[in-house]
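The primary structure of each chain is shown beneath.
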Amino acid sequence: MDLRKRVGRTTGWISYTMARAENRYRASGLAGAGIDNGQYFPAPSDKTHELSIVGIRPLGAKWTFGTTFSLASGLPITYPTKRYMVDGLLLAEYGARNAARLPVYHRLDASFTRALGRGELQLGVYNLYNRFNAQSMAFRQSKSNPLVTEAVRVSIFGAVPSISYGLKFGGAAR
Amino acid sequence: MKANNSPVRRWCVMVALLATSACEKVVNITVPEGAKQLVVEGRLERVRGAVTGQQRIRLTTTDAYFSNTALPPARGASVRVVEEGGRVVSFGEVVNEPGVYATADLIAVVNRRYTLQIIYQNERYEATEVLRAVPPIDSLYFKDRIGQLGPQEGLRATIDFRDLAGTQNFYLWDQFVNGQRLTAADSTFRTRVVAPDDGLDGRPISQFQPYDGIPVSKGASVLVRQMSLSEPVYRFYRALSDQSANDGSPFAVPLASVRGNVSNLTNGLIGRSATSWQPKSRRPGRSRHSYLGQSMGVGAPRLGIAPHHCNFWWTVMRRGCRPRVAPTG
């Protein structure tokens with residue numbers, strides 16, 4: 001679903017996508033065998049809802065300011081339901097595959113763009129408010145106390161500034 | 001150079017800081033608590049040079065994932081082992097060790113089949129394994145780390161042995177430093193040090209460092225144990241290592257429960273299914289120490305009220321050598 005709008009000199013759009021990706025793995029020759037007894041479960045990449053809002057506004061003659069806000073369902077994650085110990089290692093017994101969700105994902109990107117020479121120079125910041133979106137979750141035995149289990153949120157990028165320069169080859173295709 | 005305060009430099013520092021700031025954070029979450037299950041931790045041992053009839057099996061139950069207390073012992077179970085040929089050996093609960101069942105009357109014999117039978121809270125559990133032969137460790141000594149990335153300083157316990165010819169062997173190594181078994185072999189490698197003899201059948205293995213990630217401090221007393229596993233048990237340990245080494249990185253194996261070889265007979269579990277989860281095979285086998293091989297979960301169905309995930313297994317265990325003391329010089 002896409003909504004486009006122009007307000008004064010600002011243009012922008014909102015897009016929303018709903019999707020569902022599921023996997024099923026069945027063990028051949030055995031009824032009810034396989035991951036989660038051969039039932040469908042959310043695919044590891046499944047983002048049920050995805051919303052993005054884009055705004056672009058020219059600043060003077062040369063510069064353009066652009067911003068993108070993204071909001072999405074957290075990725076699926078398998079949660080442990082209990083723990084046990086073997087050979088001094090604390091291990092998890094897991095519930096249904098990918099039945100839980102990571103926290104909601106959102107971030108704001110912003111950039112300034114201007115024409116420079118034959119191309120465009122862009123200064124930007126990805127994830128402007130430095131939110132540590134969860135990429136995945138790990139469960140482990142604490143290193144300081146072997147009786148303690150902990151959940152670890154793994155994030156990949158906080159705020160990342162960027163500079164890019166794109167050259168345009170105006171119609172000079174070979 | 002006046003670069004110290006230049007905006008370019010400050011910008012670079014900021015970029016570097018931000019790029020490395022992304023990482024891991026311990027968070028509080030609530031997870032549902034599953035039904036309790038029996039956990040069986042046992043092996044039959046035949047230790048080279050110290051053969052006894054003493055055997056122990058530990059029974060515990062699972063607990064809430066974030067319980068942070070010792071695992072509850074499973075008390076009052078009936079535990080016995082049926083030897084090939086029909087002799088039955090009962091294990092009694094040890095007085096001062098709740099959940100530990102022991103006997104002094106079971107001398108394990110190589111190539112003999114043993115069946116573990118447990119009755120706990122009116123449910124019957126069973127597992128079967130054959131005791132496997134294991135070659136002795138010919139020598140144990142200390143050397144610098146061989147052929148691996150990572151920190152190289154310090155000596156590593158190093159062993160030589162000869163693989164048994166004509167059979168496929170799967171090994172597990174334990175290393176004790178000053179009497180304490182190392183539980184983390186090498187965080188970049190795997191938690192339990194296991195390997196198959198693929199491509200090495202009958203050949204001498206020299207300068208193998210099972211715990212090559214861990215330097216031995218000077219003067220420490222070191223004992224290395226080499227054990228022989230069956231293939232399902234080897235796979236169990238591989239799965240165990242893959243799961244406990246899971247750091248949530250995009251390249252980690254999916255989180256999944258590990259299955260042992262104990263079946264719950266009461267809940268109508270018939271046969272066993274391979275869990276369809278397959279950890280990736282790892283192939284760091286560059287050196288002569290084979291780490292080739294692949295693994296998959298040890299199969300057993302997941303079901304019902306009190307299934308099992310247990311690692312009942314037997315092994316012939318041979319003490320490598322007497323404890324060696326790392327050189328102080």
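From a predicted model like this one, the values you see are computed outputs, not experimental measurements.

Asks: I tried to follow the overall build of chain B on my own but got confused; where do I start?
Replies: Looking only at helices and strands, one finds 2 helices and 19 strands in chain B. Residue burial in chain B is summarised as follows: out of 329 residues, 47% are buried. When contacts within chain B are restricted to residue pairs at least 6 apart in sequence, those whose partners lie at least 24 apart make up 71%. Put simply, chain B shows about 15,600 Å² of open surface, and 53% of that area lies on carbon and sulfur atoms.

Asks: Would you take a moment to explain the confidence of the model for chain B for this structure?
Replies: When pLDDT is low, close inspection of the predicted coordinates is not appropriate. All names here are of chain B. Mean pLDDT over chain B works out to 74, with 71% of the residues at or above the 70 mark. In this model residues 185-189 is a low-confidence stretch, pLDDT under 50, and it forms 12 contacts with partners more than four residues away in sequence or in other chains. Across residues 268-322 the pLDDT falls below 50, and counting only partners more than four positions away or on other chains, this stretch makes 229 contacts in the model. Among the prediction metrics, the complex's ipTM stands at 0.77, with pTM recorded as 0.75.

Asks: Whenever I open this one, the environment of R181 of chain B confuses me. Can you help?
Replies: Take R181 of chain B: it is sitting in strand β12 (residues 180-181). Along the primary structure R181 of chain B and L229 of chain B are separated by 48 residues, whereas in three dimensions their C-alpha atoms are 19 Å apart.

Asks: I'm lost on the confidence of the model for chain A in this one. Help?
Replies: Taken residue by residue, chain A gives an average pLDDT of 88. The fraction at 70 or more is 97%. Per-element confidence in chain A ranges from a low mean pLDDT of 76 for strand β1 (residues 2-7) of chain A to a high of 95 for strand β6 (residues 63-72) of chain A.

Asks: I tried to follow unusual backbone geometry on my own but got confused; where do I start?
Replies: Residue and element names in this part refer to chain B. Backbone geometry at N68 places phi at a positive 60 degrees, although glycine is not the residue there. With respect to the helices, strands and loops of the structure, N68 is situated in the loop between β3 (55-61) and β4 (78-83). Classification of N68 as partly exposed rests on a relative accessible area of 33%. A positive phi is found at N178, a non-glycine position, where the angle reads about 50 degrees. On the secondary structure map, N178 appears in the loop between β11 (170-177) and β12.

Asks: Mind showing me how you'd approach the interface of chain A and chain B here?
Replies: Interface size, as often reported, equals the accessible area lost upon joining of the parts. Across the boundary between the two partners, chain A contributes 48 residues, which contact 56 residues of chain B. When chain A packs against chain B, close to 4,500 Å² is buried across both sides, 58% of that on carbon and sulfur atoms. In terms of surface lost to chain B, no three residues of chain A exceed K82, R83 and D87 of chain A, which account for 15% of the buried area on that side. E93 of chain A is paired through a salt bridge with R259 of chain B; the nearest N and O atoms lie 3.0 Å apart. Here chain A and chain B share 13 residue pairs in polar contact (both at pLDDT 80 or more) between them. Counting residues per element, the ones that place at least two in the side of chain A that touches chain B are β8 (80-86), β9 (89-94), β13 (136-141), β14 (149-154) and β15 (160-167) of chain A. Considering only residue class, the side of chain A that touches chain B consists of 29 nonpolar, 10 polar and 9 charged. Pairing of β14 of chain A with strand β1 (residues 24-27) of chain B, which is carried by 4 bridges, proceeds in the antiparallel orientation. Residue A151 of chain A lies in a different strand from β1 of chain B, and its bridge partner there is V27 of chain B.

Asks: Would you explain the pattern of salt bridges in this entry?
Replies: Oppositely charged side chains may form a pair once their charged atoms are brought near each other. All names here are of chain A. Overall, the coordinates contain 18 salt bridges over all chains when judged by the stated rule. One salt bridge connects D46 with R20, and the closest N-O pair in it is separated by 3.7 Å. Placement of the pair is D46 in the loop between β4 (41-42) and β5 (49-59) and R20 in the loop between β2 (10-18) and β3 (22-23), with a sequence separation of 26 residues. One salt bridge in this structure joins D109 and R107, with 2.7 Å as the shortest N-O distance.

Asks: I keep staring at the nonpolar core and nothing clicks. Help me out?
Replies: Note that soluble globular proteins tend to have their nonpolar side chains buried in a common cluster. Residues and elements named next belong to chain B. With 22 residues, the main nonpolar core has L38, V40, L59, V79, F91 and I118 as its most contacted residues. Contributions of two or more residues to this core are made by β2 (38-43), β3, β4, β5 (88-93), β7 (113-120) and β8 (123-130). Broken down by element, the residue count for this core peaks at 4 residues, all from β7. Sequence-distant contacts of L59, that is, excluding residues within four places in its chain, are made with L38, V39, V40, P73, A74, A77, V79, G99, Y101 and I118. V134, I159, V177 and V216 belong to the second largest nonpolar core, which has 21 residues in total.

Analysis parameters
- Numbering of residues begins from 1 in every chain and follows the order in which that chain's sequence is written.
- By the order in which they are written, chains take letters starting at A while ligands take numbers starting at 1.
- Thresholds applied to this predicted model are a pLDDT of at least 70 for local features of residues and 80 or more for the giving and counting of side-chain atom pairs; totals over whole chains, interfaces and linings are not thresholded and use all residues.
- Think of the side-chain values as coming from all heavy atoms in the structure, minus any hydrogens and water.
- Helix and strand definitions follow DSSP, with helices as H or I runs of at least four residues and strands as E runs of at least two, each counted in order from the N terminus.
- Burial classes follow relative accessibility: with a 1.4 Å probe on protein chains only, a residue under 20% of its type's maximum area counts as buried, one over 50% as exposed, and anything between as partly exposed.
- Residues count as neighbours in contact if any of their non-hydrogen atoms are within 4.5 Å of one another.
- Accessible surface is estimated by sampling points in the Shrake-Rupley manner with a 1.4 Å probe; for residues, cover comes only from the protein chains shown.
- Per residue, pLDDT measures the predictor's confidence, with a range of 0 to 100.
- The term buried area means the drop in 1.4 Å probe accessible area that two parts suffer when joined, counted for both and summed.
- Throughout this description, the term salt bridge denotes a Lys or Arg side-chain nitrogen within 4 Å of a carboxyl oxygen of Asp or Glu.
- N or O atoms within 3.5 Å of each other form a polar contact, as long as, within protein, one can give a hydrogen and the other can take it, and as long as residues adjacent in sequence are counted only when both atoms are side-chain atoms.
- Under the scheme applied here, ten amino acids are nonpolar (Ala, Val, Leu, Ile, Met, Phe, Trp, Tyr, Cys and Pro), four are charged (Asp, Glu, Lys and Arg), and all others, including Gly, are polar.
- A pair of strands counts as paired when DSSP detects no fewer than two bridges linking them.
- Grouping buried Ala, Val, Leu, Ile, Met, Phe, Trp, Tyr and Cys residues that are joined through side-chain atoms within 4.5 Å yields what is termed a nonpolar core.

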